[in-house]
Amino acid sequence: MSATQIAGRVAGVDAGAPIRQSSLWQDAWRRYLRNRGAVAAGILFLLIVVWCIVVPIVSPHDPNRIEFPDAYQGPSWSHPFGTDQFGRDLFTRAALGGRISIGIGFGATLAILLIGVAYGAISGFVGGKLDNALMRFLDALYGLPYLPFAILALAIIGTVNFWTMVVALSVASWFITARVVRGQIMTLKENDYVRAAYAVGVRWYMILGRHLLPNTLGVLVITIFLELPGVILGEAFLSFLGLGINPPDASWGSMAQDGRDAYRAHPHIIIIPSLAIATLVLCANFIADGLRDALDPRTKET
Amino acid sequence: MAAYIIRRVVWTVPVVLLVIFMTFTLMKQIEGNPFRKTERAVPAAVQANLERKFNLNKPWYVQYAQYVKGVATGDLGPSLVLRDRTVNDIVEEQFPRSIELGLLAFGWAVLLGVPAGVLAAMRPNSRFDYGSMLFSNVGFALPNFLVATLLIYFVSVKWGMLPTSGWTTWQHKILPSFTLGLVPMAYFARLVRGTMLETLQQDYVRTAKAKGLRRRRVLTVHVLRNSLIPVVTAAAPLLGYIITGSFIVENIFAVPGIGRYYVTAVSARDYSVVMGLTVLLSIIVIAANLVVDILYGILDPRTREART
């Protein structure tokens, strides 16, 4: 048998893996469902996302139309969350803002994963001196606050929109993800099946692409929900300071900024978007905990 | 250990240089120049003089080298917008307030967060445990501008107990520091609970109990001491939280500190101030990281082997 054939056989063995893999995910899914808090958080999270998608489409109110006679209304049947200082319906507008906030949240999280996986995979896979250098570099950067760098990034790009916010919020937030991925790759590299694959002459990129990276998927899924809260809060902070999404565009942060001046007489304008942020972040944290317990049962002790 | 410390210290130098370089390059890309934004036309000769005074006409690497030299000697250069002030003046005036705010916030966190975590771990799954973990989760999730607004709304406006904003008397300092301390508090409570539960399961704790030590002694000598190590290690990431939080908290409570000034400087396109403050904050975090890593090695001998 030639080396390629053996490699093919190995790949053939690998092709049997999806069955085992799906059972791994099924096990995790079953464990997740047993965690009532995490399930409730997951359902609430989905409800918020559905609310953000559906409400602006079906709502009778135009979230951007200014109606001064309707300004500063408290909650009522026609405006469940009341109206803001321009008479805009907050139920619809908060849903619209949620689209931007959650969208930026997932966009930046994805960017963080891409950078983190690239950096971590290179460091863990190549190993040796390069790994040492890359990790010492990360050690020193650890804990660097993302906000000044996000502000800088926005100042340089010069325009604030959905995509520039994604860039700004991911630019200094990927350090932890990179370290986690590197740790995973280092551990996985020691597995017998990886050694066997090397022994039969599988190319490095095949090993990385077929054996190592797919096995980090569990960790990455957890990372999504670990990073999401920080990014969503980051967007809110930037917009609240007037450096992010600007009115009339709505994000939860810019809506909170809108409500800032009227907080004494009409606190609901700042409370509603803030509570939306808090609920989403809380859900994401619970989902992350649930996923960690489900995907990595060894760490489940507390 | 010595080799580890030396290597760790040596590695911070290129990182600091790189952070300065990145900040520097980024600032060079920003459109607009503070000298051009006035409506009054500045004569070309004056413009050229100004640019020469601030080295804006030199090639970038000369500017970079001069800047690094400045940072190394503790000179962050002049402000480009405030004519009679240097970045150092601004730092000297505003930074102590931010440090005070940060320390007070940290104080709240240690004072309330650590005991909450300890008590929760001593009675796992009790009402107190659930209560403090719920508080911790909520503390993480609430955006601090909401916490600040609610505190001002109730404590200051409705009940009239504390001033709404400013930074003069100790009454002014309670609400901002508490708001800023909420996330570290939540973090400590959770962290201490986790490590303490873990420590309680260690063999040496079982041994201590088995040889008949009293519960109090086991808890203080064996459990608490080892559980508090992560509190030290958490200082570096917490510093990041506190810096990020201070941008919002100083803004809402009108605390004239660095976080608030940073935002003003960005809007005013005061490059040298933004650059100076970014570099300063980064160096502080990098230094804190270094200290924490070394302390960790000293406090927990088990990590020495693994980390070299």
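Just above, that's the structure.
First, a word on what this report is: a plain description of the structure on this page. Just so we're clear, the structure is a prediction, and the values are computed from it rather than from any experiment.

About the criteria used
Residues numbered from 1 in each chain as written. Chains lettered and ligands numbered in written order. Predicted model: local features only at pLDDT ≥ 70, side-chain atom pairs only at ≥ 80, totals over all residues. Helix = DSSP H or I, 4+ residues; strand = E, 2+ residues; numbered from the N terminus. Contact = placed C-beta atoms within 7 Å. Nonpolar A, V, L, I, M, F, W, Y, C, P; charged D, E, K, R; others polar. Axes fitted to C-alpha atoms, helices over the stretch in contact; angles between N-to-C directions. Parallel < 35°, antiparallel > 145°, perpendicular 65-115°, else oblique. Left-handed = near helix turned anticlockwise from the far one by under 90°. Core = buried A, V, L, I, M, F, W, Y, C linked by C-beta atoms within 7 Å. Buried ≥ 20, exposed ≤ 12 C-beta atoms within 10 Å, placed from the backbone.

### Structural notes on the overall build of chain B
Of regular secondary structure, chain B possesses 14 helices and zero strands. What you see in chain B, going N to C, is helices and strands ordered as α-α-α-α-α-α-α-α-α-α-α-α-α-α. Taken over the C-alpha atoms alone, chain B extends approximately 85 × 60 × 30 Å along its principal axes. Within chain B, residue pairs in contact and separated by at least 24 positions form 74% of the contacts whose partners lie at least 6 positions apart.

### Quick notes on the interface of chain A and chain B
With 36 residues of chain A at the interface, the matching set in chain B holds 41 residues. At the level of elements, helix H5 (128-141), helix H6 (146-157), helix H11 (217-240) and helix H13 (268-295) of chain A are the ones that each hand at least two residues to the side of chain A that touches chain B. The element that contributes the greatest number of residues to the side of chain A that touches chain B is H13(A), accounting for eight residues. Looking at the side of chain A that touches chain B residue by residue, the class counts come to 28 nonpolar, five polar and three charged.

### Looking at the packing of helix H11 (residues 235-252) of chain B against helix H13 (residues 271-299) of chain B
Residue and element names in this part refer to chain B. The interhelical angle for the contact between H11 and H13, taken along N-to-C directions, is 160°, at an axis separation of 8 Å. As summarised for this structure, H11 and H13 are arranged roughly antiparallel, according to the angle between their axes. You can see that H11 and H13 cross each other, and the crossing is right-handed. On H13, the residues that touch Ala235, Ala236, Leu239, Gly240 and Ile243 of H11 are Leu281, Val285, Ala288, Asn289 and Val292. In terms of residue class, the contact of H11 with H13 is made up of eight nonpolar, two polar and no charged.

### Topic: the nonpolar core
All names here are of chain A. Counting residues in each nonpolar core, the largest one holds 154 residues, and the members touching the most others are Ala150, Val281 and Ile287. With 18 residues, the top contributor of residues to this core is H13. Those residues in contact with Ile287 that sit more than four places away from it in its chain are Ala38, Ala41, Gly42, Phe45 and Phe225.

### Section: unusual backbone geometry
Residues and elements named next belong to chain B. Of note, Asn125 is a non-glycine position whose phi angle comes to about 65°, a positive value. Relative to the helices and strands, Asn125 resides in the loop between helix H4 (87-122) and helix H5 (127-141). Asn125 gets classed as exposed once you count the C-beta atoms within 10 Å, which come to 8. Residue Ala254 is not a glycine yet carries a positive backbone phi of 50°. Relative to the helices and strands, Ala254 is located in the loop between H11 and helix H12 (258-267). For Ala254, a count of 14 C-beta atoms within 10 Å corresponds to the partly exposed category.

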